[in-house]
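Analysis of the macromolecular model
For reference, the chains in residue letters:
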Amino acid sequence: MRAFTAIVNPAAGGSAGASRVIPLGRLLRDAGAEVDVEYSRGMEHAASAARAAAEAGRVVLGVGGDGMVGCVGGALAQMDAGADALFGIVPAGRGNDFARQLGVPSDPDELARLLLEGEPRAVDAIDANGTAVLGSVYAGVDAVANDNANRTRLLRGSAAYYVGALRAILSWRHADYVITVDGEEHRREGYTVVAANSGYYGFGRHIAPDARVDDGLLDVVLIRKAPKTLFFAVMRELETGAHVRRPEVEVMRGREVRIELAGPAGRTLPYGADGELPGVLPVTARVLPGALRVLAP
């Protein structure tokens, strides 16, 4: 019987993380499993608790949104014995994009069965400037929108991101990117560059519809310079992935992607990773093939 340690973001999804783990924990214990719960005091504490639980041979559950899931899963992917760590996802945030990509159920009964009986699946991770993340690394208007959404206190979920994105687009000046994919340099001007392991980001937007979490490659999606009215149309198409058929959207693939800014000195641009904002460009994203074992369909 598996033993579990749930690492919970108590603030995720308006405290949904804390409420989601209670019925799930009950179901796991009723089945005979041992369940410990660790409430995170921050990302560093969450990563440390995840590593300690994995070293003790326990299944580590990331309870929260993409930030917590990426933090906990990334910490396991970077362990020396990372191939032996076993990870489970309890979707309880605003976006839950990596869980969506993997098809992890949100229903407590279905999720409990998966965690108790499911077979581990090897998935890739991303090393982004030395930190492991799971879903994607992105730099552009989306990272600015991410920052706006994170600062919003009156709105939640997709509404917060939509309003944040609107503010970001209205004030956007096209960025002059240098994108190096497996050593080949590309100069482009546009709205964003996304290095995607998972196809979803930004609260359910299907930015990279052909991305796979187990192919050893990153899908690099570039939205090139275009009128802002057209970009609003592209945003609507992100729900289905239809945007990739537009000539303004370019998709490349590679194992290592470096994104940096050219153009006037002094401009800075944040990059995002799994819903968090670790820093500003440049960033190098390198795929970590099969770095994590996940209980997923």
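Small disclaimer: the values here were computed from a predicted structure and weren't measured. (Residues numbered from 1 in each chain as written. Predicted model: local features only at pLDDT ≥ 70, side-chain atom pairs only at ≥ 80, totals over all residues. Heavy atoms only, no water.)

Looking only at helices and strands, one finds eight helices and 15 strands in the protein chain. Computed over its C-alpha atoms, the radius of gyration of the protein chain comes to 19 Å, within 12% of the 19 Å expected for a compact globule of 297 residues. Counting only C-alpha atoms and orienting by the principal axes, one finds that the protein chain spans roughly 60 × 40 × 35 Å. In the protein chain, which comprises 297 residues, the proportion classed as buried is 56%. Sequence separation of 24 or more characterises 75% of the internal contacts of the protein chain that already satisfy a separation of 6 or more. Carbon and sulfur atoms form 48% of the exposed surface of the protein chain, whose accessible area is close to 12,500 Å². In the protein chain, 32 positive and 36 negative side-chain charges are present, and the distance between their average locations comes to 7 Å. (Helix = DSSP H or I, 4+ residues; strand = E, 2+ residues; numbered from the N terminus. Rg over C-alpha atoms; globule rule 2.2 N^0.38 Å. Buried < 20%, exposed > 50% of the residue type's maximum accessible area, 1.4 Å probe, protein only. Contact = heavy atoms within 4.5 Å. Areas by Shrake-Rupley, 256 points an atom, 1.4 Å probe, with all protein chains shown as cover. Lys, Arg positive; Asp, Glu negative; His and termini not counted. Charge placed at Lys NZ, Arg CZ, Asp CG, Glu CD.)

Within the secondary structure layout, Val251 lies in strand β11 (residues 249–254). Overall, Val251 belongs to the partly exposed group, its relative accessible area being 37%. When the C-alpha positions of Val251 and Val221 are compared, they lie 4.6 Å apart, and in sequence the two are 30 residues distant. Ignoring sequence-local partners within four residues, the contact set of Val251 consists of Asp219, Val220, Val221 and Val244.

Leu111, Ala112, Leu114 and Leu115 are the residues of helix α5 (residues 108–117) that are buried. Down the axis of α5, the sector holding all buried residues measures 160°, keeping them to one side. N-cap assignment for α5: the residue whose side-chain oxygen lies 3.1 Å from the backbone N of Asp109 is Asp107. (Arc of directions from axis to C-beta. Polar contact = N/O pair within 3.5 Å; in protein donor to acceptor, adjacent residues only side chain to side chain.)

This part takes up the packing of helix α2 (residues 43–55) against helix α3 (residues 66–77). In the contact formed by α2 and α3, the axes pass within 8 Å of each other and the chain directions differ by 45°. In terms of axis orientation, α2 runs oblique to α3. Here α2 runs over α3; the crossing is right-handed. Facing Met43, Ala46, Ala47, Ala50, Arg51 and Ala54 of α2, the residues of α3 in contact are Gly67, Met68, Cys71, Val72, Ala75 and Leu76. Residue composition of the contact of α2 with α3, grouped by class: ten nonpolar, one polar and one charged. (Axes fitted to C-alpha atoms, helices over the stretch in contact; angles between N-to-C directions. Parallel < 35°, antiparallel > 145°, perpendicular 65-115°, else oblique. Left-handed = near helix turned anticlockwise from the far one by under 90°. Nonpolar A, V, L, I, M, F, W, Y, C, P; charged D, E, K, R; others polar.)

We describe a pair of aromatic rings using the distance from one ring centre to the other and the angle between the two ring planes. On inspection of all chains with the given rule, the structure shows two aromatic pairs. Centroid distance Tyr138 to Tyr201: 5.2 Å. Interplanar angle 80°. Geometry classified as edge-to-face. You can see Tyr138 sitting in strand β7 (residues 136–140) and its partner Tyr201 sitting in the loop between β9 (184–196) and β10 (218–224), a full 63 residues away along the chain. Accessibility classification places Tyr138 together with Tyr201 in one group, the buried group. Ring centres of Tyr191 and Phe231 lie 4.1 Å apart, and the angle between their planes is 15°; on these two criteria the pair is classed as stacked. With Tyr191 in strand β9 and Phe231 in helix α8 (residues 228–237), the pair connects residues that are 40 residues apart, well separated along the chain. A residue is classified by how much of its surface remains accessible, and Tyr191, at 0% relative accessible area, is buried. Lying across the ring of Trp172, Arg267 places its NZ or CZ 5.1 Å from the centre. (Phe/Tyr/Trp six-rings, centres within 6.5 Å; stacked < 30°, edge-to-face > 60°. Lys NZ or Arg CZ within 6 Å of the ring centre and 35° of its normal.)

What follows is about the pattern of salt bridges. As a working rule, side chains carrying opposite charge can pair if their charged atoms are close by. Tallied over the entire structure, the rule returns 13 salt bridges. Across the salt bridge formed by Asp36 and Arg58, the nearest N and O atoms sit 3.2 Å from each other. Here the residue Asp36 occupies a position in strand β2 (residues 34–39), and Arg58 occupies one in the loop between α2 and β3 (59–64), the gap between them amounting to 22 residues. Since its relative accessible area comes to 36%, Asp36 is described here as partly exposed. (Salt bridge = Lys/Arg side-chain N within 4 Å of Asp/Glu carboxyl O.)

This part takes up the environment of Val144. If you trace the backbone, Val144 turns up in helix α6 (residues 141–151). Sequence separation between Val144 and Asp176 is 32 residues; the distance between their C-alpha atoms is 16 Å.

So, about unusual backbone geometry. Note that the residue after Leu281, namely Pro282, is joined by a cis bond; omega there is 10°. Position of Pro282 among the secondary structure elements: in the loop between β14 (276–280) and β15 (283–295). Although it is not a glycine, Asp182 adopts a positive phi angle of roughly 50°. Its place among the elements puts Asp182 in the loop between β8 (175–181) and β9. Residue class for Asp182 comes out partly exposed when judged on its relative accessible area of 45%. The phi torsion at Phe203 lies on the positive side, around 65°, for a residue other than glycine. Mapped onto the elements, Phe203 comes out in the loop between β9 and β10.

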